[in-house]
Amino acid sequence: MVSKLLALEAYPALRDLDFRILRGVELKMRHYKWVPLEEIARFSRVDVETASFRLGKLDDLSLIRRRSDMGYIGYQLTIHGYDALAIRALSRKGIIEAISTAQIGVGKDADVYAAITPSGERVAVKFNRIGGRTASRRATYHSHVFADKRHTSWLYISRLIARKEYEALVLLSPIARVPRPIAWNRHVLVMEFIEGKELAELRDHELGENEAGEILDEVLDEYLKIVKFGIVHSDMSEFNIVLTGDGVLLIDWAQYIPTAHPESYELLKRDITVLLNAFRRRWGVKREFKEVWPAFEEAWSESRGEERKVQVEEVEGW
């Protein structure tokens, strides 16, 4: 698990040439698993000796890794080097001015930090970590993101997932309670800072049955709007619900799929089942699936331009 941003510690020591070399490794990794030293020197417009020296420094900072047992000397970008490139890009674009070294959130495949924009706004910066800490079997949660891609570098997959979540938030923020997106670069997503608490962090006794029931109804109302719009979360649970002073916020949209996707129907069923089970188990809120599901099935069908009659036997058999 990444507990701190090593790129922030390294950042003050980096020069323009270092970033040019990191960029060269990044681009050449499209063609090489381990990028030859000569290719990096050529891209960076320096001689091999200078490139080798700077790469040695970047290796010491854990921004790249070196290998020399292949008949040539080659280099790969690490997740920390990818962090450094993304931070520099967001800084130069005037998106962020400073990032806190302390985490404000951590998930199975991402770390979140607080940051400040040049105008003084506090924002959240999410660094995707697919492959860095996520075993391949867990990364299959995102398999639809890269199923048709030849390039399967974990850095590239993390980039695709960040872009995917940014696109989801752009679509959903005007119609539902989700975080407001601000920008994305590489594997990093910048969004509004949320003052709130994840539902999963609450102890069971902190919510009464009635209050929990009201929260569940609000979550279902928000999710119903989203399904009508044509999107299924695919990972809806108490871990992706934040309680704020203004109500609930639905987060973590990296795994969303459109309702046109062939798996969307079953994934939507799973989302609703997981929600109802969590509220029943923790707070005794009783909402029967067969009572909740018809509205979602109708919304799902409507979003696809279909008319699907609810089959009682389907509901009861789920």
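Residues numbered from 1 in each chain as written. Predicted model: local features only at pLDDT ≥ 70, side-chain atom pairs only at ≥ 80, totals over all residues. Heavy atoms only, no water.

Focus: the overall build of the chain
Assigned secondary structure in the chain consists of twelve helices and 13 strands. Counting every position in the chain, which comprises 318 residues, the buried fraction comes to 49%. Counting contacts in the chain only where the partners sit at least 6 residues apart, residues at least 24 apart contribute 63% of the total. For the chain, the accessible area works out to roughly 15700 Å², and carbon and sulfur atoms hold 48% of it. (Helix = DSSP H or I, 4+ residues; strand = E, 2+ residues; numbered from the N terminus. Buried < 20%, exposed > 50% of the residue type's maximum accessible area, 1.4 Å probe, protein only. Contact = heavy atoms within 4.5 Å. Areas by Shrake-Rupley, 256 points an atom, 1.4 Å probe, with all protein chains shown as cover.)

Let's talk about the sheet that holds strand E6 (residues 122-128)
The strand order E4-E5-E6-E8-E7 describes an open sheet built from five strands, whose pairing is antiparallel. Each having just a single partner strand, strand E4 (98-106) and strand E7 (181-185) make up the two edges of the open sheet. Strand-to-strand, the axes of this sheet are offset by a mean angle of 25°, without reference to chain direction. The sheet contact formed by strand E5 (residues 110-116) and E6 spans seven bridges and is antiparallel. (Pairing = 2+ DSSP bridges. Axes fitted to C-alpha atoms, helices over the stretch in contact; angles between N-to-C directions.)

A short note on the side chain of His-187
Summarising the element assignment, His-187 is placed in the loop between E7 and strand E8 (188-192). There is a polar contact of 2.6 Å between the side chain of His-187 and the side chain of Asp-83. In this view, His-187 contacts Ile-79, Tyr-82, Asp-83, Ala-86, Lys-126, Phe-127, Asn-128, Arg-129, Ser-158, Arg-159 and Ala-162; residues no more than four positions away in its chain are not counted. (Polar contact = N/O pair within 3.5 Å; in protein donor to acceptor, adjacent residues only side chain to side chain.)

Brief notes about the confidence of the model for the chain
For the chain, per-residue confidence averages 90 on the pLDDT scale, and 88% of positions sit at 70 or higher. Confidence drops under pLDDT 50 across residues 309-318; counting only partners more than four residues distant or on other chains, this segment forms 16 contacts. (pLDDT = per-residue confidence, 0-100.)

Examining the pattern of salt bridges
The full count for this structure, using the stated rule, is 20 salt bridges. In this structure, Arg-129 and Asp-83 form a salt bridge, with 2.9 Å as the shortest nitrogen-oxygen distance. Of this pair, Arg-129 sits in the loop between E6 and helix H6 (136-139) while Asp-83 sits in helix H5 (residues 79-92), placing them 46 residues apart in sequence. Across the pair, Asp-83 and Arg-129 agree in class, each one buried. One salt bridge connects Glu-222 with Lys-225, and the closest N-O pair in it is separated by 3.1 Å. Residue Glu-222 and its partner Lys-225 are located together in helix H9 (residues 209-229), separated by three residues, close to a single helical turn. One continuous salt-bridge network, built from bridges that share partners, spans Asp-204, Glu-238, Arg-281 and Arg-282. (Salt bridge = Lys/Arg side-chain N within 4 Å of Asp/Glu carboxyl O.)

A word on the sheet that holds strand E3 (residues 74-77)
The strand order E1-E3-E2 describes an open sheet built from three strands, whose pairing is antiparallel. The two strands at the open ends of the sheet, each matched to only one other strand, are strand E1 (35-36) and strand E2 (64-67). In this structure, E1 lies alongside E3, joined through two bridges in antiparallel fashion. Its bridge partner being in E3, Pro-36 is matched across the sheet by Gly-74. Contacts from helix H4 (residues 48-60) reach E2 and E3 within the one sheet, and its direction differs from that of E2 by about 120°.

Some points on H4
Residues three or four positions apart in an α-helix share a direction because the helix packs 3.6 residues into each turn. An ideal rise of 1.5 Å per residue puts 18 Å on 13 residues; H4 measures up with 18 Å between its terminal C-alpha atoms. In this structure, the buried residues of H4 make contact with helix H2 (16-28), helix H3 (37-44), E2 and E3. With a side-chain oxygen lying 3.1 Å from the backbone nitrogen of Glu-49, the N-terminal cap of H4 falls on Asp-47. Positioned one or two residues after H4, Ser-62 has a phi angle of 70°, which is positive. (Expected span 1.5 Å × (residues − 1).)

Things to note about H9
Taking 1.5 Å of rise per residue, 21 residues should cover 30 Å, and H9 covers 30 Å from first to last C-alpha, within 8% of that figure. Buried residues along H9 sit against helix H8 (154-172), strand E10 (231-232), strand E11 (241-244), strand E12 (247-250), helix H10 (264-283) and helix H11 (289-303). Of the residues flanking the end of H9, it is Gly-230, one or two places downstream, whose phi is positive at about 115°.

Here we look at the nonpolar core
Proteins that are soluble and globular tend to have nonpolar side chains buried together. Ranked by internal contacts, the top residues of the largest apolar core, which has 46 residues, are Tyr-223, Trp-253, Ile-272 and Phe-296. Those elements giving two or more residues to this core turn out to be H8, E8, H9, E10, E11, E12, H10 and H11. For Tyr-223, the contacting residues outside a window of four places in its chain are Ile-231, Val-232, His-233, Ser-234, Met-236, Leu-250, Leu-268, Asp-271, Ile-272 and Phe-296. Ala-7, Ile-21, Val-25 and Ile-79 belong to the second-largest nonpolar core, a separate cluster that totals 40 residues. (Core = buried A, V, L, I, M, F, W, Y, C linked by side-chain atoms within 4.5 Å.)

What about the packing of H2 against H3?
Two numbers describe how H2 lies on H3: the axes approach to 9 Å, and their chain directions differ by 125°. Classed by the angle they form, the pair H2 and H3 counts as oblique. By crossing handedness, the relation of H2 to H3 is classed as right-handed. Touching Leu-17, Arg-20, Ile-21, Arg-23, Gly-24, Val-25, Leu-27 and Lys-28 of H2 are Glu-39, Ile-40, Phe-43 and Ser-44, all from H3. Within the contact of H2 with H3, the residues separate by chemical class into six nonpolar, two polar and four charged. (Parallel < 35°, antiparallel > 145°, perpendicular 65-115°, else oblique. Left-handed = near helix turned anticlockwise from the far one by under 90°. Nonpolar A, V, L, I, M, F, W, Y, C, P; charged D, E, K, R; others polar.)

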